[in-house]
Amino acid sequence: VSQSRYQPVSLLHQKGLRVFSLDLPFHGENMPAQEGIKKWVEASLKEENILIHFLDKLEESLKVLFAFLKPSDVAVMGLSRGGFIAAHIAARMTEISKIVSFAPLTETSECQEFKEIQLKVPHLTLDRLSSSLFRKTIKVFIGNRDMRVGTRLCYTWLEKLIEEAFLHQIRSPQIELVLKPSIGYLGHGTSKETFEEGALWLSQKLLPQ
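In this text, all values refer to a predicted model and were calculated from it rather than measured experimentally.

## Describing helix α7 (residues 151-167)
Given 3.6 residues per turn, any residue in an α-helix points the same way as the ones three and four places further on.
Here is step 1 of the chain: The end-to-end C-alpha distance of α7, which contains 17 residues, comes to 25 Å, matching closely the 24 Å that a straight helix rising 1.5 Å per residue would cover.
Here is step 2 of the chain: Contacts from the buried residues of α7 go to α4 (81-92), α6 (130-133), β3 (137-143) and β4 (175-180).
Here is step 3 of the chain: Just past α7, the residue Gln-169 takes up positive phi, approximately 65°.

The following block contains the structure:
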């Protein structure tokens, strides 16, 4: 993992916020990022609900943690597949009120690895979570031409969230999308400055003014 990815964690820690980090399935220091998604595909082909099992265990762990810490305001933050997982766990838990996501994956079937074998996993797409997320405070950053996870897919997901909020008489849903000039492979990179911007926004939302 590049040092720039640790930047938001460092900034939040400096602000006095408690931060917990975790590795995604098949995604740790000894697993190249491009290999992790291939493992997700292989598991899906075997009909192994690896992501559901991971989310179940994560939810159980967080319930224990929240009971111990008695948090009044909790946020999640994630990059790419981490943003995907962050949205899913936030949808499961009312304690999580805020989400910051950098270039989030929104539909696994749109990843190249899933496309190559025409494998769809519709029950995991983020647009299925609208009814559980529309009341939360959300800020998403993505490149203006991200061809890895899809800028348009990200916008479409947030649009559905906003429409869900309007259906529930929320006229100013706290859901934001920030488009940045695309950088990196397939326009899927995230700059140090963008990480810092997201972390600063989150710290301002979580800390008393």
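## Some thoughts on the pairing of strand β2 (residues 96-102)
Here is step 1 of the chain: By the criterion of burial, β2 is predominantly enclosed, with six of the seven residues buried.
Here is step 2 of the chain: Here six bridges tie strand β1 (residues 74-79) to β2, and the two strands are oriented parallel to one another. For Gly-78, the partnering residue across the bridge sits in β2 and is Ser-101.

## Looking at the sheet that holds β1
Here is step 1 of the chain: Strand order across the open sheet formed by four strands is β1-β2-β3-β4, with parallel pairing between neighbours. Across the chains shown, the open sheet's two edge strands, defined by having one partner strand only, are β1 and β4. The mean inter-strand angle of the sheet, taken between neighbouring strand axes irrespective of direction, is 10°.
Here is step 2 of the chain: With five bridges joining them, β2 and β3 adopt parallel strand pairing. Residue pairing for β3: Val-100 is matched across the bridge by Lys-139.

## Points about the packing of helix α3 (residues 50-69) against α4
Here is step 1 of the chain: One can describe the packing of α3 onto α4 by two numbers: an axis separation of 10 Å at closest approach and a directional angle of 55°. The orientation of α3 with respect to α4, classified from their angle, is oblique. For the pair α3 and α4, the crossing hand works out as right-handed. In contact with Leu-51, Ile-52, Phe-54, Leu-55, Asp-56, Leu-58, Glu-59 and Leu-62 of α3, α4 contributes Phe-84, Ile-85, His-88, Ile-89 and Arg-92.

## Some details on the packing of aromatic side chains
How two aromatic rings sit relative to each other is given by the distance of their centres and the angle of their planes.
Here is step 1 of the chain: Counting across every chain of the model gives two aromatic pairs.
Here is step 2 of the chain: Centre to centre, the rings of Phe-102 and Phe-141 are 5.5 Å apart; their planes meet at 20°, and the pair counts as stacked. With Phe-102 in strand β2 and Phe-141 in strand β3, this residue pair connects regions lying 39 residues apart in the sequence.
Here is step 3 of the chain: On the basis of relative accessibility, which here comes to 1%, the residue Phe-102 falls in the buried class.
Here is step 4 of the chain: On the basis of relative accessible area, Phe-141 is assigned to the buried category, the value being 2%.
Here is step 5 of the chain: The interplanar angle of 70° and the centroid separation of 4.8 Å between the aromatic rings of Phe-102 and Phe-195 together place this pair among those described as edge-to-face. Residue Phe-102 is found in strand β2, and its partner Phe-195 is found in helix α8 (residues 192-206); the two are separated by 93 residues along the sequence.
Here is step 6 of the chain: By relative accessible area, which is 3% here, Phe-195 ends up buried.
Here is step 7 of the chain: By the ring-pair criterion, three or more aromatic residues cluster together here, those being Phe-102, Phe-141 and Phe-195.

Parameters and conventions
In every chain, residue numbers begin from 1 and rise along the written sequence. Totals for whole chains, interfaces and linings use every residue, but because this is a predicted model, local features are given only for residues with pLDDT of at least 70 and side-chain atom pairs only at 80 or more, for both listing and counting. Side-chain descriptors were evaluated using all non-hydrogen atoms of the structure, hydrogens and water having been removed beforehand. Here a helix means four or more residues in a row that DSSP labels H or I, a strand means two or more in a row labelled E, and each is numbered from the N terminus. Expected helix span is computed as 1.5 Å times (number of residues minus one). In what follows, a contact means two residues having at least one pair of non-hydrogen atoms within 4.5 Å. Exposure categories follow from relative accessible area, calculated using a 1.4 Å probe and restricted to protein chains: below 20% of the type maximum is buried, above 50% is exposed, and the middle band is partly exposed. In short, DSSP must find at least two bridges between two strands for them to pair. Note on geometry: axes are lines fitted to C-alpha atoms, helical ones only across the stretch in contact, with angles between N-to-C directions running from 0 to 180 degrees. With respect to orientation, any angle under 35 degrees is reported as roughly parallel, any angle over 145 as roughly antiparallel, any angle of 65 to 115 as roughly perpendicular, and every other angle as oblique. When the near helix sits turned anticlockwise from the far one by under a right angle, the crossing is termed left-handed; a clockwise turn instead gives a right-handed crossing. Aromatic contacts are taken between Phe, Tyr and Trp rings whose centres are within 6.5 Å, Trp giving its six-membered ring; a plane angle under 30 degrees counts as stacked, one over 60 as edge-to-face, and the others as tilted.

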